[in-house]
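# Chains, contacts and geometry: an overview
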Amino acid sequence: MRTTVARLAAAALAIGGCTADPPQQDARNESTTAVQPTVAPTSAPPASPSTDPGTTVAPTTTVTSVAPAPTITVTTTTTTTTSVPVVGEPRVGAVEVARLERPVDLVVRPGDGRLYVVEQDGRIVRVDGDVVDVVADLRDLTDADGERGLLGLEFAPDGSSAYVNYTDRDGDTVVAEYPTSDDGVLDTSAPRIVLAVDQPFGNHNGGDLAVGPDGFLYIPLGDGGSGGDPRRHASDPTTLLGSLLRIDPRPSGDRPYGIPADNPFAAGPHEGRDGAPEVWAWGLRNPWKIDFDPVTGALWIADVGQNRVEEVDVVEPVGERTAGFAVDFGWSAFEGNDRFNTDVDGDGSTPPVFTYEHSRGCSISGGSPYRGTAIPELAPAYVYSDFCAGTVWAFDVASGRNLTLLEGFRSVTAVRTGPDGELYVLERTGGVHRLVPA
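Values in this document were obtained by computation on a predicted structure and should not be read as measured data.

## Remarks on the overall build of the protein
- Looking only at helices and strands, the protein features zero helices and 27 strands.
- Relative to its 438 residues, the protein shows a buried fraction of 60%.
- Nonlocal contacts in the protein, meaning residues at least 24 apart in sequence, comprise 64% of its contacts between residues at least 6 apart.

See below:
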């Protein structure tokens, strides 16, 4: 049986749709050589927007309504053990704050109120009001080809260095550290390679980075690509692929990074199972974005689906331990809640908190729990989007509702929290939008 311990809720959703065909290649989705699932897919026909229990709010600025409101089907299998506030009825608009080149990530530098945005082509730019300047140019190290390129950025807790996640010219994953000036400019002449991982195929690279509440660096990696996890990496924690890694990025002895002593496999097998010492959790297909809730410490993962289903996973911390310890998120035994590769043992895996089918999107862009102050009715919803749908939704854990906030975006690559605690929506077409009260 799949486990539901230390989860906020377990629910299945069918959410609002994408009228355009999925892109041939985007920053996350699978290749055309996908392995077919072992169960026959089913489809959920679109329903009238009047069946949506959520709210659809017209944007106030650059975004126009183009898609129907989502149809929601919720099946709750467990509930949280803590009190979670119910989201209200937020009215939300969007204001464009910058127009860049293929933005894929936005991060916060501690103590810095400016926006740091990753462009897939290889630049990191800083947005300070109307001023946009380049703080790092790594275009000679990577090719923005399909799902490859410069994909992630995170700053050390003191802001003195930056960690970047990119695919090199051979297509392999590299996590590197760069010294950072007091003004936030990266010294690209002094890179230090922290981690390098061979990628057998050109897709499913993950690419995100996050410093957890424990100060360690978390690195989500996809299953290695192709389709259907042909090498079964995700279900095998002895490989780094298909896993969430947790490392101390500082040099340790003759190694470029350290292994936290409380990692599941740091001292050998865990509960009779072998694993790489870097692995914190596994069973992931292509975890495009992860986020830790700054209030509860819950870990949210947006994991891109295969042929039918997109999913969001969430786990809470247990005691003093950071969320996610030794969790198997189920791929490729399951795609969402559906059985996929029957030769993979899915017992003990943790199901997603919600899923949606490809009739409503094609590639989840990830999101963040809202902890800002400008739109109090929105807290503490998980706000997210999809590359094809162009809709920004908010999932309310306490009630299981899925609210439609805004529609009409183009090719959303991320929904991220800015230095002011407010949320920003990034479009591959260049737009960086701030969510504001309507």
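Still more to cover.
## Focus: the sheet that holds strand S15 (residues 299-303)
- Taken together, the four strands give an open sheet; going across it, the order is S14-S15-S16-S20, and neighbouring strands pair in antiparallel fashion. Looking along the sheet, the strands with just one partner apiece sit at the ends: strand S14 (287-292) and strand S20 (354-357). Averaged over all pairs of adjacent strands, the angle between strand axes in this sheet comes to 10°, irrespective of strand direction.
- The sheet contact formed by S15 and strand S16 (residues 309-315) spans five bridges and is antiparallel.

## As for the layout of surface pockets
- Each pocket or cavity is described by its volume, and for the largest pocket that value is around 700 Å³.
- Among the secondary structure elements, those contributing two or more residues to the lining of the largest pocket are strand S2 (103-107), strand S6 (150-155), strand S10 (210-211), S14, strand S21 (364-369) and strand S25 (412-417).
- Among the residues forming the lining of the largest pocket, the class breakdown is 16 nonpolar, eight polar and seven charged.

## Section: the pattern of salt bridges
- Throughout the structure, instances matching the rule amount to 24 salt bridges.
- The closest approach of N and O atoms between Glu-278 and Arg-255, which form a salt bridge, is 3.6 Å. In this pair, Glu-278 sits in the loop between strand S12 (243-247) and strand S13 (279-282) while Arg-255 sits in the loop between S12 and S13, placing the two residues 23 residues apart along the sequence.
- Residue Glu-278 is classed as buried on the basis of its relative accessible area, which comes to 8%.
- Look at the salt bridges and you will find they share partners, linking Arg-109, Asp-112, Arg-114, Arg-126, Asp-133 and Asp-183 into a network.

## Notes on the confidence of the model for the protein
- For the protein, per-residue confidence averages 85 on the pLDDT scale, and residues scoring 70 or more make up 81% of the total.
- Segment residues 5-82: pLDDT under 50, and 219 contacts once partners within four positions in sequence are set aside and those in other chains are kept.

## Describing the environment of Ser-243
- Inspection of the secondary structure assignment puts Ser-243 in strand S12.
- The class for Ser-243 is buried, based on a relative accessible area of 0%.
- Along the sequence, Ser-243 and Gly-206 sit 37 residues apart, while their C-alpha atoms lie 9.7 Å from each other.
- Aside from chain neighbours lying at most four places away, what touches Ser-243 is Ile-219, Pro-220, Leu-221, Val-279, Ala-281, Trp-282 and Leu-284.

## Structural notes on empty space enclosed by the protein
- Within the structure shown, the criterion is met by one cavity of 30 Å³ or more.
- Estimated volume of the largest cavity: approximately 60 Å³.
- Taken together, Arg-285, Asp-303, Val-304, Gly-305, Val-309, Glu-311, Trp-331, Phe-334, Glu-335 and Gly-336 make up the full set of residues lining the largest cavity.
- Broken down by secondary-structure element, the contributors of at least two residues to the lining of the largest cavity are S16 and strand S18 (334-335).
- Split into classes, the residues belonging to the lining of the largest cavity amount to four nonpolar, two polar and four charged.

Criteria and thresholds
- Residues numbered from 1 in each chain as written.
- Predicted model: local features only at pLDDT ≥ 70, side-chain atom pairs only at ≥ 80, totals over all residues.
- Heavy atoms only, no water.
- Helix = DSSP H or I, 4+ residues; strand = E, 2+ residues; numbered from the N terminus.
- Buried < 20%, exposed > 50% of the residue type's maximum accessible area, 1.4 Å probe, protein only.
- Contact = heavy atoms within 4.5 Å.
- Pairing = 2+ DSSP bridges.
- Axes fitted to C-alpha atoms, helices over the stretch in contact; angles between N-to-C directions.
- 1 Å grid on protein atoms, 1.4 Å probe; cavity = no way out; pocket = protein on both sides within 12 Å on 5 of 7 lines; lining within 4 Å.
- Points joined across faces, edges and corners; volume = space filled by probe spheres on them.
- Nonpolar A, V, L, I, M, F, W, Y, C, P; charged D, E, K, R; others polar.
- Salt bridge = Lys/Arg side-chain N within 4 Å of Asp/Glu carboxyl O.
- pLDDT = per-residue confidence, 0-100.

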